[in-house]
Amino acid sequence: VCAAEWARIQRGIEQRQQAVNVFLRDLYGDQKILKDGVVPESLVLGSMHFCREMLGAEVPGGVFVHVSGTDVVQDESGCYRVLEDNLRVPSGVSYVLENRHVTSRILPDALQRYRVRRVDHYPQLLLDALRALSPRDTPTIAVLTPGIYNSAYFEHSFLASQMGVPLVEGSDLVVDQDVLYMKTTDGPERVDVLYRRIDDAFLDPLCFRRDSLLGVPGLMRAYRGGNVALANAPGTGVVDDKAMYAYLPRVIRYYLGEEPVLE
């Protein structure tokens, strides 16, 4: 992909994510877009991914989606189009990094000749984004994984290692007085930011699936109390629902007053 094409793709994805975050703030707030009939109310409130526990919740910086996996395809005319949005627990970036590492060993001259942009700084970008979610100067960050049997466990462990932060499971965490703590050999350590890699349904058995052994009881209470930040925020799945996907061009026009850069 040449630089000029990529610049357009980047503008389109940035525009899309800006609109998505405003959309989510509105859906869990005043719901103006529903009252104005731009998006069908039944489509939102009837979605299995609409998280009623997030109604009225304050999210750090007003940002719901911190990591997005946007699938882009090129059609027969050469036009780039968005195929789908992955906003809940997007995965796959570790394979991009590993593939590039292998390619740089096999074809180092080609990468230099074509001035291919680097991707190895992604873990640092992710770490900076997670740090920005906490008001503390040196926040404690952890990656929450379902465990070794999850298909994306390689990525969970890879990113935790690259960022230099702990990889934890639900059993490693506990909520006390609406504050999230990580169990360590030196005793409980407060967690300020949790990069969660498990679905909403398993996050907190007190709010969602009661049979979940993957989450942390009381996590949503700590989150709504502003004592821990979650990336991505719960409830983002209502927008990456395939039925909702068809309305994103309308959403962009409604909130930003712009035409979509990417169809």
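Here's what I pulled together on the structure shown here. Keep in mind that this is a model prediction, so the values were computed, not measured.

## Remarks on the packing of aromatic side chains
Applying the stated criterion across every chain yields a total of 6 aromatic pairs. On the numbers, 6.1 Å between centres and 45° between planes, the contact of F23 with Y255 is tilted. Taken together, the residues span a long stretch of sequence, with F23 in helix α1 (residues 3-27) and Y255 in helix α11 (residues 248-256) at a distance of 232 residues. Overall, the relative accessible area of 0% leaves F23 in the buried class. Every member of this aromatic cluster is reached through a ring pair, and the members are F23, Y254 and Y255.

## So, the pairing of strand β6 (residues 179-182)
Both strand β5 (residues 173-176) and β6 contribute to a ladder of 4 bridges, which runs antiparallel. For D176, the partnering residue across the bridge sits in β6 and is V179. Hairpin remark: β5 followed by β6, antiparallel, with 2 residues in the connecting loop; positive phi at Q177, about 55°. Summarising the sheet, β6 and strand β7 (residues 189-190) pair through 2 bridges and their orientation is antiparallel. Following the sheet pairing, M182 is matched in β7 by E189. Linking β6 to β7, which pair antiparallel, is a turn of 6 residues; within it G187 sits at a positive phi near 105°.

Procedures and definitions
Residues numbered from 1 in each chain as written. Predicted model: local features only at pLDDT ≥ 70, side-chain atom pairs only at ≥ 80, totals over all residues. Heavy atoms only, no water. Phe/Tyr/Trp six-rings, centres within 6.5 Å; stacked < 30°, edge-to-face > 60°. Helix = DSSP H or I, 4+ residues; strand = E, 2+ residues; numbered from the N terminus. Buried < 20%, exposed > 50% of the residue type's maximum accessible area, 1.4 Å probe, protein only. Pairing = 2+ DSSP bridges.

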